[in-house]
Amino acid sequence: SYFTDIDNLEEFNPMLGHRGCRLDVTYPEIGVMQTRAIMEAAIEVSEKYGYHIVPEIMIPLVGMVGEIEYVAGIVHNTAEKVKEEKHSNIEYKIGTMIEIPRATVVADQIAKTAEFFSFGTNDLTQMTFGFSRDDASKFIPTYKDKNILPGDPFASIDQEGVGQLVKNGVKLGRQTRPDMKCGVCGEHGGDPKSVKFFNSVGLSYVSCSPFRVPIARLAAAQAAIEQK
């Protein structure tokens, strides 16, 4: 029953559990439903208002090539079915959120299927350090006081560690797909120091909370000027 399914999904550590693309692998109907919703909405808005929309469907939490190949298959099959039903020739892209450290190491393989990368640096920081974002505030101030950490890695990107994974992921992804759009999604997208670092490793854009957008824009402009 529905309630039995919910009980069976209960976990001891949901952060490392049954979420993201893992749900699409075990419950493909979720991927079908979400893809259909995106494609139907995009086609309807395109036809009704005349906008040229190219949906970018992002598959989260991919760490293995097999995951993105399987889920991208669901997305592609569903999207083509909707296009046929609606007599539409709308274009769409399939990409992934790079937030598992393993994904940055096999990014060249993932890029054979993924048409764009968005680096989820909140989760990438969490999993690289083994810090829980929700609980690390209990000891990070002490680490800063004792000069073990220069600052909060969830506020400003850890350039030596997590940053190098991002840099490696961009490099490998573009070895396979030279024109690949790579961006970052997370609180780091609104931190000026992080934005400058992301610009230096070749990211195309940053995404952040709405109230941080003016700061991010200014930092991006400064980084671009400095680079020139």
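In case you missed it, the structure is sitting above this.
Rules behind the numbers
- Residues numbered from 1 in each chain as written.
- Predicted model: local features only at pLDDT ≥ 70, side-chain atom pairs only at ≥ 80, totals over all residues.
- Heavy atoms only, no water.
- Helix = DSSP H or I, 4+ residues; strand = E, 2+ residues; numbered from the N terminus.
- Expected span 1.5 Å × (residues − 1).
- Buried < 20%, exposed > 50% of the residue type's maximum accessible area, 1.4 Å probe, protein only.
- Arc of directions from axis to C-beta.
- Salt bridge = Lys/Arg side-chain N within 4 Å of Asp/Glu carboxyl O.
- Axes fitted to C-alpha atoms, helices over the stretch in contact; angles between N-to-C directions.
- Parallel < 35°, antiparallel > 145°, perpendicular 65-115°, else oblique.
- Left-handed = near helix turned anticlockwise from the far one by under 90°.
- Contact = heavy atoms within 4.5 Å.

Moving on, we come to helix H11 (residues 213-227). Taking 1.5 Å per residue as the helical rise, H11 with its 15 residues ought to reach 21 Å, and the 21 Å between its terminal C-alpha atoms agrees with that figure. All buried positions along H11 are accounted for by Ala216, Ala219 and Ala223. One side of H11 holds all its buried residues, which, seen down the axis, span an arc of 65°. Counted as exposed and oriented over 90 degrees from the buried face of H11: Pro214, Arg217, Leu218 and Ile225.

A separate point is unusual backbone geometry. Backbone geometry at leucine 61 places phi at a positive 65°, although glycine is not the residue there. Position of leucine 61 relative to the elements: it lies in the loop between strand E1 (56-59) and helix H4 (65-86).

A separate point is the pattern of salt bridges. Counted by the stated rule, this structure contains 8 salt bridges. Between glutamate 85 and arginine 36 there is a salt bridge; the shortest N-O distance is 3.0 Å. With glutamate 85 in helix H4 and arginine 36 in helix H3 (residues 28-49), this pair connects stretches of sequence that are 49 residues apart. A residue is classified by how much of its surface remains accessible, and glutamate 85, at 42% relative accessible area, is partly exposed. Ionic pairing is found between arginine 212 and glutamate 187, a salt bridge with its closest N-O pair at 3.1 Å. With a gap of 25 residues between them, arginine 212 in the loop between strand E5 (205-207) and H11 and glutamate 187 in the loop between strand E4 (181-185) and helix H10 (192-200) connect regions that are remote in the sequence.

This paragraph deals with the packing of H3 against H4. Close contact between H3 and H4 brings their axes to 9 Å; oriented N to C, the two are set at 40°. Relative to H4, the element H3 lies oblique. Crossing geometry of H3 relative to H4 is assigned as right-handed. For the pair formed by H3 and H4, the contact residues are Pro28, Gly31, Val32, Thr35, Arg36, Met39, Glu40, Ile43 and Glu47 on the first element and Tyr70, Ile74, Val75, Thr78, Ala79, Lys81, Val82, Lys83, Glu85 and Lys86 on the second.

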